[in-house]
Amino acid sequence: MTPLFGKTLSELNEVATSVGLPKFAAKQMADWLYKKNVASIDEMTNLPKVGRQRLAEQYEVGRKNPIDVATSIDGTKKYLFAVNGANGRQGYIETAFIPDDDRATLCVSSQVGCKMACQFCMTGRQGFGANLTSGEILNQMASIAERETLTNIVYMGMGEPMDNLEEVIKSVEILTSAWGYGWSPRRITVSTIGVTPALVQFIERCEAHVAISLHNAISEQRLELMPSEKAFPIAKTIEALRKYDWTGQRRLSFEYTMFEGKNDTPSHVSAITKLLAGIRCRINIINFNQIPDSDLKGSSRQKMERFRDSLNDKGFTATIRNSKGGDIFAACGLLSTKEQMKGISK
């Protein structure tokens, strides 16, 4: 069966025509899928019964509930979903719900695994499994208990969003369209290591905020942490970003996980200052969540605060992101890796 969930209005138009429904039925289906959150075609009661029967012969709604959830003492939750992986095998993805005062953020995945192989990321150790469909991306939001309370969505979970550009763009279209969820694009942030050609397309086709995984502004040192630096040098990414206006409501931010002795010195502040000179942006300093069998260690809180203050003194807006969910496999990819290893050991 082909899922209806995750299809755009134009795609639903094609579906309606293929089963003999009038084109206006596409908007009715979108309403049931994205506003009323139905679980079955039979619940789409304003469609003719014969039309529903024809739909059900080829299609299903296609939403799936999480198979597990871990809840932290701070209210953070990590949901685990089973999806289609490589070669028809079952794969697993994680979705993090992060409450913080009046904000409720959902961190969604865009791929099963990831091919970027960042040294500090557990997901990178899994290798690439599969691209998620727009429906599988949006299902992470639609199938959790907190869906009505969400204020923000960040594409910062498993995978590289720009490596799955079309499905990510499609999911953002559904999130922001009046016929879809009707969200403002200012509630959505999409992160990337800097896959520059795809990033340029994304900026020109979507209005969501953009976050760049920086982690080191010195190219040779960044390459040690992030092999993608060889194919997509951060200097070239910044050169491309300079062509766009970031002084309006659309936000550009840089993610900077701090590692003891690796990227936390005054020389690294200087490198960031030189690289990002003249760009209006935010810099989010992130505490490293330890992963197994890694020599990397997070910088001390004192170093992080000094680093932040130094950047702010240089005219940037730098903040330290609160670390949450430390008691529930906080590092991205840990929960899904654990589930995958269960299957391998059976």
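Residues numbered from 1 in each chain as written. Predicted model: local features only at pLDDT ≥ 70, side-chain atom pairs only at ≥ 80, totals over all residues. Heavy atoms only, no water.

Located in the positive-phi region is Asn37, a residue other than glycine, with phi close to 60°. Relative to the helices and strands, Asn37 is located in the loop between α2 (25–35) and α3 (49–58). Here the phi dihedral of Asp101 falls at roughly 55°; this positive angle occurs in a residue that is not glycine. Looking at the secondary structure, you find Asp101 in the loop between β5 (90–100) and β6 (103–107). Judged by its relative accessible area of 79%, Asp101 falls in the exposed class. (Helix = DSSP H or I, 4+ residues; strand = E, 2+ residues; numbered from the N terminus. Buried < 20%, exposed > 50% of the residue type's maximum accessible area, 1.4 Å probe, protein only.)

Interhelical geometry of helix α7 (residues 196–205) versus helix α9 (residues 234–241) gives an angle of 20° and a closest axis separation of 10 Å. In this view, α7 runs roughly parallel relative to α9, as classed from their interaxial angle. Helix-helix and strand crossings are classified by hand; for α7 and α9 the assignment is right-handed. Counting all contacts with α7, which are made through Thr196, Leu199, Val200 and Ile203, the residues of α9 involved are Lys236, Thr237, Ala240 and Leu241. A per-class count over the contact of α7 with α9 returns five nonpolar, two polar and one charged. (Axes fitted to C-alpha atoms, helices over the stretch in contact; angles between N-to-C directions. Parallel < 35°, antiparallel > 145°, perpendicular 65-115°, else oblique. Left-handed = near helix turned anticlockwise from the far one by under 90°. Contact = heavy atoms within 4.5 Å. Nonpolar A, V, L, I, M, F, W, Y, C, P; charged D, E, K, R; others polar.)

Moving on: the sheet that holds strand β13 (residues 282–287). Backbone hydrogen bonds hold the strands of a sheet together, and the pairing may be parallel or antiparallel. Read from one edge of the open sheet, ten strands run β3-β4-β5-β6-β9-β10-β11-β12-β13-β14, paired in mixed fashion. Because the sheet does not close on itself, it has two edges, and the strands there are β3 (68–71) and β14 (317–320). Each neighbouring strand pair of the sheet contributes to a mean axis angle of 20°, computed without reference to strand direction. With six bridges joining them, strand β12 (residues 252–258) and β13 adopt parallel strand pairing. Residue pairing across strands places Thr257 opposite Ile286, the latter belonging to β13. Contacts from helix α6 (residues 165–176) reach β9 (152–155) and β10 (188–192), with the element oriented near 175° to β9. Running over the sheet, α7 touches β10 and β11 (209–213) and is turned about 165° from β11. (Pairing = 2+ DSSP bridges.)

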